[in-house]
Each structure stands twice: as structure tokens, then as C-alpha cells.
Amino acid sequence: MKTLNQKVSVPLPFIPMKNADKTDTMKNSAIINKKLTLKEKYERINLLLIKGYKKSYICKKLNLDSRTFDKLINMTDKEREKLFQTKMMKKHEETVARKQEKIDKVQEMFKHGYSKAAIAREIGIDKRTVNKYLDPNYSAVHASYGVKKPGKLSPFIDEINCYIEQGYTSANIDEIIRKKGYNGSISSIRHYISEWKHRYKKEYDKDKSNDNGDKISEQIERKNLIKLLYKPIEEVKMITQEQLDRVCNEYPFYASIYHLVNEFREILLEKNISKLEEWIDKADSLKIHEIESFVKGLVKDIDAVRNAIIYDFNNGLAEGSVNKLKVIKRIMYRRCSFDTLRAKVLLSEHMHKIN
């Protein structure tokens, strides 16, 4: 059960598929394969070859051309490594090559009797740089290349992972770790949470696949589950009753919220005042901050709530009129004497034919 200031945890939208359509599975597999890098495809080829699958099956499984398959298999490790290089890696290699060329030129000129000052003038570098380039142990690759510097979030990563799994929001996590010494920005936390969810989804999809790699789960969009708290399922087109039943079975926490909201709606529609106290006790037992806040508001003005359930009358018209007056008053900021406000309201009523 969730505690104070927590929300529904990340894996909520995933539910097991029932009688999944093979065509849809193949389409989803094709979309996923298109997003794979060549290196990822090669790694999957090796895994499938180890399992004993043949070339034709692997090509079909990974949406891979047979010529690409042959090319990847027949390459040497060095050739594959070069093929898998990212743009960043290629750019770094080009930078290192240019720098090495300059180092070679400095050393060659020094061997031919040029002074360090002359070399610096000729090549257009500082004398201290010439000294570094003449050092036989000097490398064109920067010493810190490939070494990841620890960020401000690094000391808190394990703790943050635990909070994400428990359903804490980025604002909750930011508030907690700042008390423990974090002085970075909240955007860094949001970015990490986004990356974490992306990794989680990949791992979840992998766990929820059969031996052939086909998905046996589907994802329900969170917005559709939220809509069900406000609308009957007949009005939410993107989710069926069968899917809702599986969501409630897979995630009892959501089921308890869904049924609680529906019970309160029934109390209002059926004007069943006798169930109100029971509903308040049940809502309190969930220990959800947002629901607790709502219940406190009900209890604070319980007589008005009871009257709202029993009677058909309400103060909606009065509240609407007050709201309209406030809007007009804000529009007339610094020009709002009572006479001017009265004239503006009456004119507005006349122009819009509002009685």
C-alpha cells in the first residue's frame, strides 16, 4: 500500500495479453526491430545462433536482409568495431588523427634542427605545447577520454532507484535528497527518472516475452485509466471491460481507487446518505495523500456535504455569478470604482443577452 505523497508506481500500464493477435505481434516486432542499432542486431544474431536457429529464421525474426546477415557474420572483429562506431566516436578519432599529425610534424622538425621557438611560430602553437609534443610518452588521446566523471546525482543513485520503484515523483525525490546534500537541479532528476523508466520498460518487455521473443503483455495508456475515474467505461473508447478487469487483477492498488471513486459517485446519484460514513472510513484506510486531503475537506463541512447528497438544490448559480463578477473586476484592473463595475456588468448582461 502506498504511503504519504506517493503516486501509482511506474509499471501500472502493463497487463498480460489474452489471446494476442499474431499479426499485431509481428507488427510490433517489426517496429521494435527498426529501432535497433546494427550492433544490437548483431548481438541478437549471436544469441539466436547459440540457441540453434537458422539464418532464414533469424533474418525473418529481426527483419534483417540476408546480405546484411552475411556481411555481419563474415566481418572481422576489427571491421565490425569500425562499422558499429557512433558519430561521436568517429569525430573523436578524426580529432585524434589531426592532433597526432601535428605531434609527428613537431617531432620531425625538431629532429631536423629547428628550435622550439621556430616550431611554435611555424605551426602556430604555444612553446609549452611544443615541449609536451616532444615528450615521447605524450599521447594524442586525452587522458580523461572514456572516463565518466561522477555527477551530482551519483551519490544518491541507489536511493533514487528505490524511490522511483515506490512511485515517488521527481518533486518528492528532489525534496528528500536536498536535505541530504544534493545541490543540483530538479531537471537532472527528471531526466534520470525518464531514462530509468525507458530502461525499466525494456527489461519489463524482455521479462514478459516468450521463448521466441514475442510479447505476451500489452501497455494500457495511463490517461485512459485516469479517464475511468471520471467517466463510465462506455465513454472511454481506448480501453475495454476485459482490459480493465485484467488491470484490476494485476494491480489491486488501482482497483481499490477505481472502486472507491465509483462508490462515492453512487452515493451522490442514489442519494444514499447512510453509506457516507462507511465510505469515509474506507477512503481513510487507503492512506493516500490526495484522498486523505479530499476526506478532510468533506469532514470539515460534513453538514453541507450531507445536504448536497440529500437535496437537489445547490449554490452553483450564485458561485457562477460571483466568478463572473471577479473576472470582470480583473479585466478592469485599477479602473474599478463600484459605479464603473456596475455599469460594466449591466452592459455585459445586455450585450450577451444574459438574464
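Criteria and cut-off values
Residues numbered from 1 in each chain as written. Predicted model: local features only at pLDDT ≥ 70, side-chain atom pairs only at ≥ 80, totals over all residues. Heavy atoms only, no water. Helix = DSSP H or I, 4+ residues; strand = E, 2+ residues; numbered from the N terminus. Buried < 20%, exposed > 50% of the residue type's maximum accessible area, 1.4 Å probe, protein only. Contact = heavy atoms within 4.5 Å. Areas by Shrake-Rupley, 256 points an atom, 1.4 Å probe, with all protein chains shown as cover. Salt bridge = Lys/Arg side-chain N within 4 Å of Asp/Glu carboxyl O. pLDDT = per-residue confidence, 0-100. Axes fitted to C-alpha atoms, helices over the stretch in contact; angles between N-to-C directions. Parallel < 35°, antiparallel > 145°, perpendicular 65-115°, else oblique. Patch = residues over 30% accessible without salt bridge, like charges linked within 9 Å, V, L, I, M, F, W, Y side chains within 5 Å. Lys, Arg positive; Asp, Glu negative; His and termini not counted. Charge placed at Lys NZ, Arg CZ, Asp CG, Glu CD. Phe/Tyr/Trp six-rings, centres within 6.5 Å; stacked < 30°, edge-to-face > 60°. Core = buried A, V, L, I, M, F, W, Y, C linked by side-chain atoms within 4.5 Å. Nonpolar A, V, L, I, M, F, W, Y, C, P; charged D, E, K, R; others polar. Polar contact = N/O pair within 3.5 Å; in protein donor to acceptor, adjacent residues only side chain to side chain.

A few points about the overall build of the chain
When its secondary structure is counted, the chain shows 19 helices and two strands. Counting all 355 residues of the chain, 30% fall into the buried class. Taking contacts inside the chain between residues at least 6 apart in sequence as the whole, the part at least 24 apart equals 56%. In the structure as shown, the chain presents an accessible area of about 25,700 Å², 54% of it carried by carbon and sulfur atoms.

Focus: the pattern of salt bridges
Once the charged atoms of two side chains with opposite charge are near each other, the side chains can pair. Summed over the entire model, instances satisfying the criterion amount to 11 salt bridges. With a closest N to O distance of 2.9 Å, R178 and D174 form a salt bridge. Taken together, the residues span about one helical turn, with R178 and D174 both in helix α10 (residues 170–178) at a distance of four residues. On the basis of relative accessible area, R178 is assigned to the partly exposed category, the value being 35%. The partner of E221 in a salt bridge is K223, with the nearest N and O atoms 3.6 Å apart. One network of salt bridges, in which partners are shared, links E277, D303 and R306.

Concerning the confidence of the model for the chain
Interpreting fine coordinate detail is not advised for predicted regions of low pLDDT. Residues of the chain with pLDDT of at least 70 account for 82%, and the chain-wide mean is 80. When pLDDT is averaged over each element of the chain, helix α15 (residues 276–285) comes out on top at 92 and helix α1 (residues 22–35) at the bottom at 54. Low confidence marks residues 1–12, where pLDDT is under 50. Its contacts with residues over four positions away, or in another chain, come to 39 contacts. Every residue in residues 19–27 is under pLDDT 50, and counting partners more than four places away or in other chains gives three contacts.

Things to note about the packing of α15 against helix α17 (residues 302–310)
How two helices pack is summed up by the angle between their axes together with the distance between the axes. Put simply, α15 and α17 touch, their axes get as near as 12 Å, and they point 120° apart. On the basis of the axis angle, α15 is oblique to α17. The segment α15 lies against α17, with L276, E277 and I280 engaging I302, V305, R306 and I309.

A word on a positive patch on the surface
A contiguous patch of positive charge on the surface is contributed by K78, K82, K87 and K90. Looking at the positive patch, the elements with two or more residues in it are α5 (77–83) and α6 (87–111). The residue K90 is located in helix α6 in this model.

As for the packing of aromatic side chains
Using the criterion set out here, one finds eight aromatic pairs in the structure. With 4.5 Å between their ring centres and 15° between their planes, Y53 and Y57 make a pair best called stacked. You can call Y57 partly exposed: its relative accessible area is 29%. Through a chain of ring-to-ring contacts, the aromatic side chains of F264, W279 and F294 assemble into a single cluster.

Comments concerning unusual backbone geometry
Residues other than glycine seldom take positive phi values, yet N63 does so here, at roughly 50°. Mapping N63 onto the fold places it in the loop between α3 (55–61) and α4 (66–74). Taking relative accessible area as the criterion, N63 reaches 43% and is therefore assigned partly exposed. The residue K287 is not glycine, and still its phi comes out positive at about 60°. Residue K287 is classed as partly exposed on the basis of its relative accessible area of 48%.

Quick notes on the environment of A97
As for its position among the elements, A97 is in helix α6. Spatially, the C-alpha atoms of A97 and V141 are 9.3 Å apart, while their sequence positions differ by 44 residues.

With respect to the nonpolar core
In this structure, L225, L228, L244, Y254, L276, W279 and I291 are the most contacted members of the largest nonpolar core, which totals 31 residues. Put simply, the parts of the chain that give this core at least two residues each are α13 (241–250), α14 (252–270), α15, α16 (289–300) and α17. A per-element tally of this core places α14 first, with eight residues. In this structure L276 touches F264, I267, I302, V305, R306 and I309, once residues within four positions along its chain are discounted.

Remarks on the packing of α13 against α14
In contact at an axis separation of 5 Å, α13 and α14 are set at 120° when each is read in the N-to-C sense. Contact residues: α13 offers L244, V247, C248, N249 and E250, while α14 offers P252, Y254, A255 and Y258. Tallied by class, the residues present in the contact of α13 with α14 amount to seven nonpolar, one polar and one charged.

Overview of a nonpolar patch on the surface
On the surface, I310, Y311 and F313 cluster together into a nonpolar patch covering about 370 Å² of accessible area. The exposure class of F313 is exposed, given its relative accessible area of 73%.

Description of the side chain of R80
Assignment of secondary structure puts R80 in helix α5. For R80, a relative accessible area of 7% translates into the label buried. Within the local environment of R80, its side chain forms a polar contact with the side chain of D77, the two groups lying 2.7 Å apart. Other than its neighbours up to four places away in sequence, R80 contacts Y42, L72, I73 and M75.

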